[in-house]
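Observations on the model geometry
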Amino acid sequence: MEAVKYGEQDVLASIAARGRAWRSKLANANNVRSIGPSALDVVQRELEAVIGHIDYGVYVMGPDYRSRIINSTFQDMWSLPDQFVEEGTDFFETIEYLRHVGMYDVAAEDWPAYVQARFDDVRAADGTPRESVRQDGRVLLYKTLPLPDGCRMLTYFDITEQKSVSAQLEQLTESLQHRVQELEQLRGALRSERDAAIRNAQAMRESQELLAEAIESIDEAILVWNHDRRLIACNQRIRSILPRWADHFQVGNSYQTIMRAGVDLGIFSLDDGASFNEFVEHRWHLESAGAADEHTQLADGRWLRINRRKTSHGKRVVTISDITVDKKNEADLRALAENDALTGLANRRTFDNEIEAMTVQFASEDLAPPVGLLLIDLDKFKEIYDT
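Residues numbered from 1 in each chain as written. Predicted model: local features only at pLDDT ≥ 70, side-chain atom pairs only at ≥ 80, totals over all residues. Heavy atoms only, no water.

**Some words on the overall build of the protein**
Along its length, the protein carries 13 helices and 10 strands. Residue burial in the protein is summarised as follows: out of 387 residues, 29% are buried. For the protein, contacts bridging at least 24 residues in sequence account for 38% of all contacts bridging at least 6. (Helix = DSSP H or I, 4+ residues; strand = E, 2+ residues; numbered from the N terminus. Buried < 20%, exposed > 50% of the residue type's maximum accessible area, 1.4 Å probe, protein only. Contact = heavy atoms within 4.5 Å.)

**A short note on the sheet that holds strand β5 (residues 152-158)**
With antiparallel pairing, five strands are arranged side by side in an open sheet as β2-β1-β5-β4-β3. A strand with exactly one partner marks an edge of an open sheet, and here the two such strands are β2 (67-70) and β3 (130-133). Strand-to-strand twist in this sheet, taken as the mean axis angle between neighbours without regard to direction, amounts to 25 degrees. Pairing geometry for strand β1 (residues 57-61) and β2, over three bridges, is antiparallel. (Pairing = 2+ DSSP bridges. Axes fitted to C-alpha atoms, helices over the stretch in contact; angles between N-to-C directions.)

**Digging into the packing of aromatic side chains**
A full pass over the atoms with the stated rule returns 21 aromatic pairs. Arranged with centres 5.2 Å apart and planes meeting at 65 degrees, the rings of Phe74 and Tyr156 form a pair that is edge-to-face. Highlighted residues: Phe74 in helix α3 (residues 72-78) and Tyr156 in strand β5, separated in sequence by 82 residues. One exposure class covers both Phe74 and Tyr156, and it is buried. On the basis of an interplanar angle of 20 degrees and a centroid distance of 5.4 Å, the ring pair of Tyr142 and Tyr156 is categorised as stacked. (Phe/Tyr/Trp six-rings, centres within 6.5 Å; stacked < 30°, edge-to-face > 60°.)

**So, the environment of Asn226**
Within the secondary structure, Asn226 is located in the loop between β6 (221-225) and β7 (231-234). The spacing of Asn226 and Val317 is 91 residues in sequence and 9.0 Å in space, taken between C-alpha atoms. The residues contacting Asn226, other than those within four sequence positions of it, are Ile232, Trp284, Lys315 and Arg316. In this structure the side chain of Asn226 is engaged in a polar contact, spanning 2.9 Å, whose partner is the backbone nitrogen of Arg230. (Polar contact = N/O pair within 3.5 Å; in protein donor to acceptor, adjacent residues only side chain to side chain.)

**Observations regarding helix α6 (residues 111-124)**
With 14 residues, α6 should reach 20 Å at 1.5 Å per residue; the first-to-last C-alpha distance of 20 Å fits that figure. Those residues of α6 not exposed but buried are Trp111, Val115, Arg118, Phe119, Asp121 and Val122. An end-on view of α6 places all buried positions within 155 degrees of arc, on one side of the element. Away from its buried face, by an angle of more than 90 degrees, α6 presents the exposed residues Pro112 and Ala113. Of the surrounding elements, those touching the buried residues of α6 are β1, α5 (91-100), β3, β4 (139-146) and β5. A positive backbone phi angle near 45 degrees is found at Ala125, which sits one or two residues after α6. (Expected span 1.5 Å × (residues − 1). Arc of directions from axis to C-beta.)

**A word on the confidence of the model for the protein**
Residues with a pLDDT of 70 or more make up 83% of the protein, whose mean pLDDT is 81. In this model residues 1-6 is a low-confidence stretch, pLDDT under 50, and it forms nine contacts with partners more than four residues away in sequence or in other chains. (pLDDT = per-residue confidence, 0-100.)

**A closer look at the sheet that holds strand β10 (residues 316-322)**
Hydrogen bonds between backbone groups are what pair the strands of a sheet, and the pairing can be parallel or antiparallel. Pairing is antiparallel across the open sheet formed by five strands, whose spatial order is β7-β6-β10-β9-β8. One side of each edge strand has no neighbouring strand; the edge strands of this open sheet are β7 and β8 (294-297). Recorded for the sheet is a direction-independent mean angle of 25 degrees between the axes of neighbouring strands. Of the pairings in the sheet, the one linking β6 to β10 comprises five bridges and is antiparallel in character. Within the sheet, the bridge partner assigned to Ala221 lies in β10 and is Ile320.

**Focus on the environment of Arg348**
Relative to the helices and strands, Arg348 is located in helix α12 (residues 348-363). According to the relative accessible area criterion, Arg348 is exposed, its value standing at 63%.

**Some thoughts on the pattern of salt bridges**
Across all of its chains, the model carries 16 salt bridges by this definition. The salt bridge partner of Glu184 is Arg187, with a shortest N-O separation of 2.7 Å. Linking Glu184 with Arg187, this pair stays in helix α7 (residues 160-217), spanning three residues, or about one helical turn. Accessibility expressed as a relative area gives 41% for Glu184, which makes it partly exposed. Here Arg187 falls in the partly exposed class, since its relative accessible area comes to 45%. Of the charged contacts, one joins Arg194 and Asp195 as a salt bridge, the two residues approaching to 3.2 Å between their closest N and O atoms. Here Arg194 falls in the partly exposed class, since its relative accessible area comes to 47%. (Salt bridge = Lys/Arg side-chain N within 4 Å of Asp/Glu carboxyl O.)

See the structure below:
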């Protein structure tokens, strides 16, 4: 038969009703002894039947603190033998038995105080819920309720599962809180890294802009080639140095494409018998080798100085300067140093240099050709030259 669940108020009401029935029968008979034992037994059995179907432990004791009713749930909960249920043992006998069978985890020196505290709770019957933890780990919630005529009713609920779930929830909550803290710390760290990355990116952009401005302010054209022979950087100075060719120096164009445009525009001329591919390979070899300064004269007569460097990352950096003016000044200085300013003829320094060069040349040859020296003396030439 399925157990019927009753609340504590139902039990109290049932007990009170049975008590009123007892008092009614006593009043009608005007003598307590007129109620036979069989009538009291019927009431007792009815109460036991009602309480026996309750799914929590019920322990009813009389004013002498001896058990009157113990339902099966309470008996199973505490593993009480049938004699405790049948003989009506008192409170102290019951609690000492439970200690004997290992239900309580209380030290010997603390046992008297523990028993007294439990007895005081029963005697007070204030209905305050209290927890009791057995030695086997079961957790029971109990309270003592007052009944008529000095009786007491103790109710016991096994809340072990609820406590376990509560502990798990607390542990889970603590774990979640810890995880939330970790996530907050991680978010803070990510925010700091993001801010640092933004600052670094801003600083990098500013550095790149500053570098770009610095490159554009240089008087030399700067070209940067990657290992795939493609142009990856070029400043605007190339437009003033090579204006006809400048439009072809677009980032991403290949070295071969740009060189082809240079040949087509007449910037370069191929050597006799040389193919365009050979010309390109020769020029790229110069770029790759990082050769020293190269001075080259264009078809239009201008002079360029080309400097090549190879970076540690395999890129080629080429700088181009227009040195036409420098070449002209160099030629003018050489002419002034080697020729007479008035007549334009070779001066004494040039004469000495030529004589020395011829002497060295003839000394190294087995059969020196005949050499003639012609001297011309102009009368009063010095007077004319000095004036």
